[in-house]
Amino acid sequence: MLGKDGVMDAMILQRLVQLSEIRTYVEVYMKWKKDPYFDSIDSIHRSLELKPVISVKNFFISSASSPQDNYSIPISAISKRGSDFGISMKVARFLRSYPSFFEEFKGPHYDLPWFRLTQKAIDLDTEERMIYNEFRCEIVLRLKKLILMSGSRKVLPLKVIKGLRWYLGLPDTFWEDPLHYVEGYGDFGIVDMGDGLKGLAVLEQFNDIKSDRILSVMQKNAMKKGVYNGGTDEGIAFPSFPSKGLRLKKKIKDWSNEFQRLPYVSPYDDSSHLNPDSDISEKRVVGLLHELLCLFVEHAAERKSLFSLRKWFGLPQKVHKAFERHPHIFYLSFNNKTCTAILKEAYCDKLAIEPHPLANVREKYIALMKESNVISRNKRMKNCVAVDSKNVDDMCCDHGSPLIEETFR
């Protein structure tokens, strides 16, 4: 026999089922509009270039015999490991492309090339490690939220987490012993998921009591504004940021307005009762992608890297359409020969989403990476001047040259 609370819960569930049946999926086509602002955010687009640089930097620190020599290693120690760091060129050429990070010198034997970290790179690495220690609790909390979005099992394969490690800002020490890293910051466990898969699970129990309930960024911001009370059947409108010159047809605009008024389904709540071919199910997918990008360092990610989550997050096969159908919420950038999904709110309302602890040091790394271009350009100019000076000296010394004789006539 149901009590008062049980009757209310049953009524709410019935109402949600009715909504999911009534509000069927509406097919709309959104024309993509290029936005120079989002295409020029260095912290996003230079991040893909920075990723292998940081990986190689970490290898130097873990492989070098001592920090007294600025973590020096011979080129032979790394030359065959380019694929491990996602490097498509010769490793020596890669290292020489970033002189602000890696300094080349002749080794102690046979004049073989050696490389060491620059002092600026070492200083930034020290700052990065301090952030990992100081904000370890917050980084683990973001990982926990990612796992909690996986549905009732509350577990994700370690290989899926590893594929998102750059976006989550997980340190290399996490992979040495995942359980040891998260120890003391929640109840986690390593579980067997079948087919040889090992997963990291959140073993804590969460209920609807406000003190224990995991709230999304959308829910927290709506509560601050006083437009959301935490109910199951309440609607929350996604913050909308239209790109300049992007105009929607009236029927699409009407559909979008109706979509915004639909009940908000938290990515941390059960959604198994929703009709997958309905607009309310799509709103749940959009809400999940919104929350996911909120957890990432740059609040952006390569779209293809998110496809590995489809099975574990209960996402539709054509999840990419959620980005395309909501250009006021997400922006798709096609820079760097890839498609990057960007959460507009993170860059148009910087107070709405808490920045990742690593965001600032990543920007410093990118600034240091840019210094490599200046160093390389100055070196080329210096070499050109030296070559020109040598050619002039050779011409002046070659008195028998017809060109010289003609010049002095």
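Above this text sits the structure in question.
To start, this report covers the structure provided alongside it.

Definitions and cut-offs
- Residues numbered from 1 in each chain as written.
- Predicted model: local features only at pLDDT ≥ 70, side-chain atom pairs only at ≥ 80, totals over all residues.
- Heavy atoms only, no water.
- Helix = DSSP H or I, 4+ residues; strand = E, 2+ residues; numbered from the N terminus.
- Buried < 20%, exposed > 50% of the residue type's maximum accessible area, 1.4 Å probe, protein only.
- Pairing = 2+ DSSP bridges.
- Phe/Tyr/Trp six-rings, centres within 6.5 Å; stacked < 30°, edge-to-face > 60°.
- Lys NZ or Arg CZ within 6 Å of the ring centre and 35° of its normal.
- Salt bridge = Lys/Arg side-chain N within 4 Å of Asp/Glu carboxyl O.

## Brief notes about the environment of Ile54
Assignment of secondary structure puts Ile54 in helix H4 (residues 47-63). The class of Ile54 is buried, set by a relative accessible area of 5%. Separated by 71 residues in the primary sequence, Ile54 and Asp125 place their C-alpha atoms 9.1 Å from one another.

## Structural notes on the pairing of strand S2 (residues 102-106)
Here S2 runs beside strand S3 (residues 113-117); their pairing, made up of five bridges, is antiparallel. Residue pairing for S3: Glu104 is matched across the bridge by Phe115. What sits between the antiparallel neighbours S2 and S3 is a turn of six residues, in which Tyr110 has the positive phi angle 60 degrees.

## Observations concerning the packing of aromatic side chains
For the structure shown, the criterion picks out 14 aromatic pairs. Measuring from ring centre to ring centre gives 4.6 Å for Phe174 and Trp175, while their planes differ by 90 degrees; the resulting arrangement is edge-to-face. Ring geometry for Phe238 against Tyr264: centres 6.2 Å apart, planes inclined by 65 degrees, an arrangement best described as edge-to-face. Here Phe238, found in the loop between helix H12 (217-225) and helix H13 (250-260), pairs with Tyr264, found in the loop between H13 and helix H14 (279-295); they are 26 residues apart in sequence, far enough to count as distant. Both residues of the pair, Phe238 and Tyr264, count as buried. Taken together through their ring pairs, the aromatic side chains of Phe60, Phe101, Phe102 and Tyr365 make up a single cluster. Taking NZ or CZ as reference, Lys283 lies 6.0 Å from the ring centre of Phe259, over its face.

## Section: the pattern of salt bridges
Within the structure shown, the criterion is met by 19 salt bridges. Between Asp84 and Arg81 there is a salt bridge, and its shortest N-O distance comes to 3.0 Å. Its salt-bridge partner being Asp254, residue Lys250 comes within 3.0 Å of it at the nearest N-O pair. Residue Lys250 and its partner Asp254 are both found in helix H13; the two are separated by four residues, about one turn of the helix. Judged by relative accessible area, which is 63%, Lys250 ranks as exposed. With a relative accessible area of 38%, Asp254 lands in the partly exposed category. Residues participating in the shared-partner salt-bridge network are Lys57, Asp125, Glu128 and Arg129.

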